[in-house]
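# What the coordinates show
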Amino acid sequence: MQALITTNNPFRLVATKLLSYFSPRAFVGWQSPMQLKDISDPKLPAEDWLVAKTRLCGLCGSDYKQVFMNGRVDNPMTSMISWPQVLGHEVVGEITRVGSKVEKRRVGERVLLNPWLSCATRGLPLCEFCQQGKLAQCLNFGAGNIARGIHHGNSATATGGFAELVPGHESQWFPIPDAVSDEQAVLGDPFSVSFHAILKAPPREHGTALVYGCGTLGLLAIAILRAIHPTVKILAVARFEHQAALARKMGAHLVLAHHPTKDLVNRIAAEIGSTLNEPWVGLPMLNSGVDVVYDTVSSAETLGVDLRVTRSFGSIVVIGVEPARTFEWTPLYFKEINIIGSNGFGIEEFEGRRQHAMEWYFEFITQRGLDVTPIITHHFAMRDYRQAFMACYDQGKSGAVKVLFNTFN
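One structure accompanies this document, and this report is about it.

Scoring rules and cut-offs
Residues numbered from 1 in each chain as written. Predicted model: local features only at pLDDT ≥ 70, side-chain atom pairs only at ≥ 80, totals over all residues. Heavy atoms only, no water. Helix = DSSP H or I, 4+ residues; strand = E, 2+ residues; numbered from the N terminus. Rg over C-alpha atoms; globule rule 2.2 N^0.38 Å. Buried < 20%, exposed > 50% of the residue type's maximum accessible area, 1.4 Å probe, protein only. Contact = heavy atoms within 4.5 Å. Pairing = 2+ DSSP bridges. Axes fitted to C-alpha atoms, helices over the stretch in contact; angles between N-to-C directions. Salt bridge = Lys/Arg side-chain N within 4 Å of Asp/Glu carboxyl O. Polar contact = N/O pair within 3.5 Å; in protein donor to acceptor, adjacent residues only side chain to side chain. Core = buried A, V, L, I, M, F, W, Y, C linked by side-chain atoms within 4.5 Å. Parallel < 35°, antiparallel > 145°, perpendicular 65-115°, else oblique. Left-handed = near helix turned anticlockwise from the far one by under 90°. Nonpolar A, V, L, I, M, F, W, Y, C, P; charged D, E, K, R; others polar.

## Looking at the overall build of the chain
- In terms of helices and strands, the chain carries 13 helices and 20 strands.
- Against the 2.2 N^0.38 benchmark of 22 Å for 409 residues, the chain shows a C-alpha radius of gyration of 21 Å, consistent with a compact globule.
- The C-alpha extent of the chain, read off along each of the three principal axes, is 65 × 55 × 35 Å.
- Out of the 409 residues belonging to the chain, those deemed buried represent 56%.
- Once local pairs closer than 6 in sequence are excluded, the contacts in the chain between residues at least 24 apart make up 68%.

Okay, here's the thing in C-alpha cells:
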C-alpha cells in the first residue's frame, strides 16, 4: 500500500531544518523525514484487531507541527513515540479485514477511529485511568503487544490514516450512523477534543467565555458552547478573516483580532464592562474578566493575555501546544485563576449520562442537528501531500482550516 512514512533519520532532520530557513517547502521536500512510499499492508498485532480502508483522514495540528518541526527537543512526549511513523489519527474508514476474535465489527462497516492506544488495544488489564474511561491518561502507552505510542500515527505498529489501510483494535472503531456523512464523521476526533475541554470547565450560565484561536478546535469549541450553553456570551480571537467569518457562523457573538494584544485586552474589557489596571509597562489587567478561556493556541503570548482577561477564580483551559517561552504570570496567583490542562478525550459524562465522546458527537448530529462541516476547507489526494501541508503552513494565504486527504492511491 502507499503511505506517507516519517522517520527520525538524523541527516534528513538536520538537512530539512537548515533548508527550511530558505524555504518552508523544505519541510515536504526531497530530503524531508516524510516521504510517500509503498510499504507492506498492515499486520494484525492480535486477533481482536482489524483493518480498515481509509476513506477520509484529517490533517491535525499535531501532525503538521511535527512535519514543520515546531517543538522542543526536551519535550517529554518524545519518550512516548516509536519509529517509523505513518501519521494521521482523524480517520474514517471501511472495514476490509477482521481478526478471528473480533466480535462486534464486520467487514463493510463504515467506521470512525478512536486513536488512543490505551490498555485494551495493547492486550493488557485496564489501568486505573482506563477503568475510569480516561483513555488519554493511560499508564501503559509503552507496554503490551504494540510499539510505544499514545495514539495512531506515533506508534510504529499502529500506523495512521496517511495510508490506504489502517489497523486498529476492535474497541477503537465506532460504527458511523447511516444519517452521518463521511465529512461529518471525520470531525469526530477534533470535536471530542473540544467537547472534553469544555466539560472540564464549563462557563457559568449567562456568563462569558473566550475562545482563543479559531482553527479547527476553536471553531468546534464555539459550536459546542452555542449548542449546550445558549445563554453564554462567546467571544473569540481569530488570526485570519476567513477564521473570523467561520467563528461568526459557528455562533460567536464577537470576534476580535489577535493583534495588537493591547487592543485585544482593551476590547474585551469594553465588551464586558470591566475597568483596567494599567502597569508601568506592558499589557493591562482586567479588574474582573471572562469566566473561562479555552485556549486552543496556548503559546506564551496567548497565555499572558488569558491571565489578564480572566476573572478572579475563573479558569483557563489549555488545549493547544506550543514551544515553551517565558511570560508574565503574576495574575495567576493574584486572581487565583485555575489553569487546567486538557488532553484528548475518552468516556465523557454529560447530562447525567456517560459514553464515549465520539458517540456524543453522533448524537449531536442526529438529535441536535449540529453541522460543523463548514470548517472543512480543503480536500487533497495523498499524492498531493506537499500542497496539502503547504496550505496548512500558510493558512492566511490558502484560507485553510480543516484539510482532508480523500484519495489514497
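Once you've had a look at it, read on.
## Notes on unusual backbone geometry
- Residue Pro84 follows Trp83 across a cis peptide bond; omega there is -5°.
- Inspection of the secondary structure assignment puts Pro84 in the loop between α2 (61-67) and β4 (85-86).
- Cis peptide bonds are those with omega within 30 degrees of zero, and the linkage from His259 to Pro260 qualifies with -10°.
- Looking at where Pro260 falls in the secondary structure, it is placed in the loop between β11 (254-257) and α8 (261-272).
- In this structure, Met69 is a non-glycine residue whose phi angle is positive, near 55°.

## Observations concerning the sheet that holds strand β2 (residues 34-38)
- Ordered in space as β2-β1-β4, the three strands form an open sheet in which the pairing is antiparallel. Two strands lie at the open edges of the sheet, namely β2 and β4, each paired on one side alone.
- Where strand β1 (residues 2-6) and β2 come together, five bridges link them in antiparallel fashion. When the bridges of β2 are listed, Gln2 appears paired with Asp38.
- Together, β1 and β2 form the strand contacts of helix α12 (residues 385-393), whose direction differs from that of β2 by roughly 155°.

## A look at the environment of His378
- The residue His378 is located in strand β19 (residues 376-381) in this model.
- Among the residues examined, His378 registers a relative accessible area of 17% and is labelled buried.
- Excluding its chain neighbours within four sequence positions, the residues that come into contact with His378 are Ala391, Ser398, Gly399, Ala400, Lys402, Val403 and Leu404.

## Examining the pattern of salt bridges
- Summed over all chains, the structure comprises 14 salt bridges.
- A salt bridge links Asp291 to Arg311; the nearest nitrogen and oxygen atoms lie 2.7 Å apart. Within this pair, whereas Asp291 is found in strand β14 (residues 290-295), its partner Arg311 is found in strand β15 (residues 310-318), the two being separated by 20 residues in sequence. Neither residue differs from the other here; Asp291 and Arg311 are each classed as buried.
- Residue Glu351 pairs with Arg368 through a salt bridge whose shortest N-O separation is 2.9 Å. Placement of Glu351 in the loop between β17 (347-350) and β18 (353-356) and of Arg368 in helix α11 (residues 357-368) is noted, with a sequence separation of 17 residues between them.
- The class for Arg368 is partly exposed, based on a relative accessible area of 38%.
- Overlapping salt bridges, with partners in common, bring together Arg55, Glu94, Arg110 and Asp182 in one network.

## What to know about the side chain of Arg110
- Structurally, Arg110 can be placed in strand β6 (residues 110-113).
- Engagement of the side chain of Arg110 in a polar contact is seen with the backbone oxygen of Val180, the distance being 2.8 Å.
- At a separation of 2.7 Å, a polar atom in the side chain of Arg110 contacts the side chain of Asp182.
- Residues within four places of Arg110 in sequence aside, it is in contact with Arg55, Gly93, Phe174, Pro175, Ile176, Pro177, Asp178, Val180, Ser181 and Asp182.

## A few points about the nonpolar core
- Counting residues in each nonpolar core, the largest one holds 64 residues, and the members touching the most others are Leu219, Ile222 and Tyr294.
- In terms of residues, this core owes the most to one element, helix α6 (residues 216-228), which gives eight residues.
- With sequence-adjacent residues up to four places away left out, Leu219 is seen in contact with Cys214, Gln243, Leu246, Ala247, Met250, Ile375 and Val401.
- Core analysis: the second largest hydrophobic core is formed by 40 residues, Cys57, Val111, Leu165 and Ala388 among them.

## Some points on the packing of α8 against helix α9 (residues 300-309)
- Put simply, α8 and α9 touch, their axes get as near as 11 Å, and they point 25° apart. Judged on the interaxial angle alone, α9 and α8 are roughly parallel. Seen along the crossing, α8 lies across α9 with a hand that is right-handed. Residue-level contacts link Thr261, Leu264, Val265 and Ile268 of α8 to Glu301, Val305 and Val309 of α9.
- Partitioning the contact of α8 with α9 into residue classes produces five nonpolar, one polar and one charged.

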